[in-house]
Amino acid sequence: MQFEINRKWWKEKVVYQLYPRSFKDTNGDGIGDINGIIQQLDYIKNLGVDVVWINPIFESPNEDMGYDIADYKAIMKEFGTMADFEFMLKGLHDRGIKLIMDLVVNHTSDEHPWFKESRKSRDNPYRNYYHWWDAEKGTPPYRWSIFDKENNAWKYDATTNSYYFHIFSEKQPDLNWENPEVRNAIYDIMKFWLDKGIDGFRLDVIACISKDINFPEMPKDMHVSKWFPYYAQGPYLHDYLQEMNREVFSKYDCMNVGEMSFVTTDDALLFVDEDRNELQTFYHFDHTGVGISQENFMYADASNWDLVAWKKIFYNWDKVFAEKGWGTMYLGNHDMSRMVSRYGNDSETFREVSAKMLHTFILSMRATPYIYNGDEIGMVNTNHTDIEAYKDVYTINYYNQLKQKGEDHKGFLLSHAKISRDNGRTPMQWDDTNQSGFSNTTPWLAVHKNYTSLNVAAQEKDPGSVLNYFKHMVQLRKEHLTLVYGAFELVDESNEQLFAYTRTLENEQFLIVLNFSDTPAQLNTTIQINKENILISNYEQPCKNNNYEPYAAVIYKTRK
Ligand code: GLC
Ligand code: CA
């Protein structure tokens, strides 16, 4: 099929997500810092990636590891200074790498001066920056909260005898986007950073900025998947995004990606159709439920893995963006357990080969690929079952809540261990020296004990390592526009072990075959496969007697 490709730089880039707290510590406080990133700039460059998304580095009391900002125009002291930041930005740009910052604008920290003012009196000029409910009106309609100690999104504040609203922890009050002063203040912050030369933003929980602020009663026993109008995707979301685009994005050559909860394939284009001038891309969560209980997202459920259904999710999303808009592709980030442990297999036998298979997948789809730091070497879950090992407010507050209520908090942790966010936040494993070369002291979150064998230094030396495979795959994506823009079609879609598809652009076609299982599998297709035409594979011989090896990945060139 012929179609016109709408080339844009941000479609052709590979994004590396960098979690600064766990990347590299240079001043011996056990916390990663900007100087650590500066030390590793050549490492990042050598990966072949061209954009870095850095998790929040603004001043913050770190209730939620930087997702609670106290000063949007200052660098968190633990991470360094503004001069360090500028030096890092220049270092990235000198190497041809762009930087996108993670901006949290649905809420601030309760230590932000706006909130400190807002809670002082009912007639404070900043009162209307947040959502307040005066106690004379009675108890506000119940809203569940993600990180709250009592699961309640309303916090009573005695000073003004009112409640304030917080979807996340009580230290993360929601901003009132219906107040134009709030919106202008945020646009001003965005311009401040873009004027410093950054290349765009990752917009944290951006769907939440508009919600029903009449706060109607929520029907009892409603399933969480139906909650969105009460929390996100509200009536003014598109107005705000268009205004943001007009006031900010349209004035810069920048790249923006929204974290988009509750988005569906039906309304996806409303956000990213170029003609609507909102965002360029967003990421959704439809494929990330693997291993997680759909009844209660805090619990693991290994049984909900259905490859055929999973393939269909990717197929449906690809079709949405076939002609307009553009997608994102990721399997891991700082909010998830490690991709190899979830979608691959972290046993000694299959860890490396399944990590390579997943990289083949991420880097051969029609969407901008995002790689989360540590995944390039195939880091895996820690699965801690003792609460002392945790730093994440999400895990800790839920655990304490169950404990207080006399419920099964130990059973919870046994299950949650496999999916906790801290699995993905352990320090980078640079080498086999003490603390994995991350720090010379005890780090803020313990290093995974497998660091002596699984680390960057060892993999750099080994031509067959996950790291070198990843770099090779990044290069292949850059060399073949077909892997970026080519049409995507499923092959043998009912196969329960293999995820196979073609990518076709003009006369060039690739067939990608990925075995997502630990046993050999046969592909059912009429496509002519020539074993001489293998672009890349994680096995010397991925297919023996018509059977693809466990976790095999191979890209064939099937047409020239
Ligand atoms: C996003 C972030 C997550 C954070 C939450 C609240 O989901 O990715 O880390 O806890 O928003 O800001
Ligand atoms: Ca440090």
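This text follows the structure it describes.
Rules and cut-offs
- Residues numbered from 1 in each chain as written.
- Chains lettered and ligands numbered in written order.
- Predicted model: local features only at pLDDT ≥ 70, side-chain atom pairs only at ≥ 80, totals over all residues.
- Heavy atoms only, no water.
- Donors = N, O, S within 2.8 Å, 3.2 Å for Na, K, Ca; no water.
- Buried < 20%, exposed > 50% of the residue type's maximum accessible area, 1.4 Å probe, protein only.
- Helix = DSSP H or I, 4+ residues; strand = E, 2+ residues; numbered from the N terminus.
- Contact = heavy atoms within 4.5 Å.
- Pairing = 2+ DSSP bridges.
- Axes fitted to C-alpha atoms, helices over the stretch in contact; angles between N-to-C directions.
- Parallel < 35°, antiparallel > 145°, perpendicular 65-115°, else oblique.
- Left-handed = near helix turned anticlockwise from the far one by under 90°.
- Nonpolar A, V, L, I, M, F, W, Y, C, P; charged D, E, K, R; others polar.

Asker: Help me understand the coordination of the calcium ion (ligand 2), please; the structure alone is not making it clear to me.
Answerer: For a metal bound by four donors in tetrahedral geometry, the ideal donor-metal-donor angle is 109.5 degrees, whereas six donors in octahedral geometry ideally sit at 90 or 180 degrees. Coordination sphere of the calcium ion (ligand 2), protein contribution only: Asp25 (OD), Asn27 (OD1), Asp29 (OD), Ile31 (O) and Asp33 (OD), at 2.3 Å. For asparagine 27, a relative accessible area of 51% puts it in the exposed group. For aspartate 33, a relative accessible area of 3% corresponds to the buried category.

Asker: Please explain the environment of valine 474 as it appears in this structure.
Answerer: In this fold, valine 474 is placed in helix H16 (residues 466-479). Placed 125 residues apart in sequence, valine 474 and threonine 349 show a C-alpha to C-alpha distance of 25 Å. In this structure, valine 474 is in contact with Val14, Leu47, Gly48, Val49 and Leu363, ignoring residues within four places of it in sequence.

Asker: Hey, could you run me through the sheet that holds strand E2 (residues 51-54) in this one?
Answerer: The sheet built from 8 strands is open, its strands ordered E11-E10-E9-E5-E2-E1-E13-E12 with parallel pairing. Across the chains shown, the open sheet's two edge strands, defined by having one partner strand only, are strand E11 (281-283) and strand E12 (328-329). As defined by bridge partners, strand E1 (residues 15-18) adjoins strand E13 (residues 368-372) across 3 bridges and the pair is classed as parallel. Its bridge partner being in E13, valine 15 is matched across the sheet by tyrosine 370.

Asker: Explain the packing of helix H12 (residues 351-362) against H16 to me, please; I cannot follow it from the model alone.
Answerer: The axes of two packed helices give the description: the angle between them and the distance between them. Following both chains from N to C, one finds H12 and H16 inclined at 15°, their axes separated by 10 Å at the closest point. One way to sum up the angle between H12 and H16 is to call them roughly parallel. Judged by the sense of rotation from one axis to the other, the crossing of H12 with H16 is right-handed. In contact with Glu352, Ala355, Lys356, His359, Thr360 and Ile362 of H12, H16 contributes Val466, Tyr469, Phe470, Met473 and Arg477. When its residues are assigned to classes, the contact of H12 with H16 shows 6 nonpolar, 2 polar and 3 charged.

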